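Chain and residue survey
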Amino acid sequence: MRDEWQTEAVRRVEADPDAIHLLFPQAERRGGPTARGALLQALGGDHAVIRSLYERGDTGERLAILSALPELDLGPAAVDLVEDALRANDTRLVAAALGPYGSAWLDDHSFRQGVLKCVFMSIPLASVTGLERRFDAELARMLSDYAAERRAAGRPVPRDVMERI
């Protein structure tokens, strides 16, 4: 039943991209966990529609979009969505923002700030895609400064920060 719903929904979006606005919110419930990604694929990389879905979406819908970004062949066009997620106070959105798409397309400054936000929000650094590849002297300095502030305040320094400085 779910496969049938997803197949029909994808067909509808391919025929009329505006149909996604009706289908996307109900996709996970009716089509299962892969349905939202399939609908986004059916759009063919229409950034304006993806942005609209993201802006109007709830957290689950935003997470689905952030997770699908690496597969949508958008180049850097959706970096604004990743930057928005990094401003959120929801750990799931922040972690998703530093997934494969964010790691590939965020500039160095934004990536570093995102990593530091993960540390502040107790998001394990192991969840940051490409951290080893993107780790540089400036990020090491930022994490060292953070660790020094924690020690000065008599607070523990997270293990994953200690392992990188």
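Rules of the game
Residues numbered from 1 in each chain as written. Predicted model: local features only at pLDDT ≥ 70, side-chain atom pairs only at ≥ 80, totals over all residues. Heavy atoms only, no water. Helix = DSSP H or I, 4+ residues; strand = E, 2+ residues; numbered from the N terminus. Buried < 20%, exposed > 50% of the residue type's maximum accessible area, 1.4 Å probe, protein only. Areas by Shrake-Rupley, 256 points an atom, 1.4 Å probe, with all protein chains shown as cover. Lys, Arg positive; Asp, Glu negative; His and termini not counted. Charge placed at Lys NZ, Arg CZ, Asp CG, Glu CD. Salt bridge = Lys/Arg side-chain N within 4 Å of Asp/Glu carboxyl O. Contact = heavy atoms within 4.5 Å. Core = buried A, V, L, I, M, F, W, Y, C linked by side-chain atoms within 4.5 Å. Expected span 1.5 Å × (residues − 1). Arc of directions from axis to C-beta.

This paragraph deals with the overall build of the protein. Regarding its fold elements, the protein presents 13 helices and 0 strands. Beginning at the N terminus, the succession of helices and strands in the protein can be written as α-α-α-α-α-α-α-α-α-α-α-α-α. Evaluated residue by residue, the protein yields a buried proportion of 47% over its 165 residues. Here the protein displays about 8,700 Å² of accessible surface, and carbon together with sulfur accounts for 49% of that area. Across the protein, the mean location of the 21 positive side-chain charges is 6 Å away from that of the 26 negative side-chain charges.

Quick look at the pattern of salt bridges now. One pass over the structure, following the stated rule, counts 13 salt bridges. Here arginine 11 ties to glutamate 8 by a salt bridge, and the two come within 2.4 Å at their closest N and O atoms. Linking arginine 11 with glutamate 8, this pair stays in helix α1 (residues 2-15), spanning 3 residues, or about one helical turn. Taking the relative accessible area as the measure of exposure, arginine 11 reaches 45% and is therefore partly exposed. A salt bridge links arginine 92 to aspartate 90, with the shortest nitrogen-to-oxygen separation between them at 2.7 Å. We classify arginine 92 as partly exposed; its relative accessible area is 48%. The class for aspartate 90 is buried, based on a relative accessible area of 18%.

Take the side chain of glutamine 6 next. Mapped onto the secondary structure, glutamine 6 falls in helix α1. Classification of glutamine 6 by relative accessible area gives buried; the value is 17%. Discounting residues that sit within four places of it in the chain, glutamine 6 has contacts with Gly31, Thr34, Ala35 and Ala38.

Turning to its location among the elements, methionine 121 is positioned in the loop between α10 (108-120) and α11 (131-134). Spatially, the C-alpha atoms of methionine 121 and aspartate 58 are 21 Å apart, while their sequence positions differ by 63 residues. Ignoring anything within four residues of it in the chain, the contact list for methionine 121 reads Ala88, Asn89, Asp90, Thr91 and Val94.

Membership of the largest hydrophobic core comes to 57 residues, with the highest contact counts inside it found for Ile20, Leu39, Leu40, Ile65 and Leu69. Examining the composition of this core, we find that 6 residues originate from one element, helix α4 (residues 35-43), more than from any other. Apart from residues lying up to four places away in sequence, isoleucine 65 is in contact with Phe24, Leu40, Ile50, Leu53, Tyr54 and Leu81.

Our focus in this paragraph is helix α12 (residues 137-152). Helix length check: α12 (16 residues) gives 22 Å between terminal C-alpha atoms against 22 Å at 1.5 Å per residue, within 8%. Of the residues making up α12, those classed as buried are Leu139, Met142, Leu143, Tyr146 and Ala147. Within α12, the buried residues cover an arc of 135° as seen down the axis, which keeps them to one side. In this structure, α12 carries Ala137 and Ala152 as exposed residues pointing more than 90 degrees from its buried face. Of the surrounding secondary structure, the elements contacted by the buried residues of α12 are α10, α11 and α13 (159-162). Just past α12, the residue glycine 154 takes up positive phi, approximately 75°.

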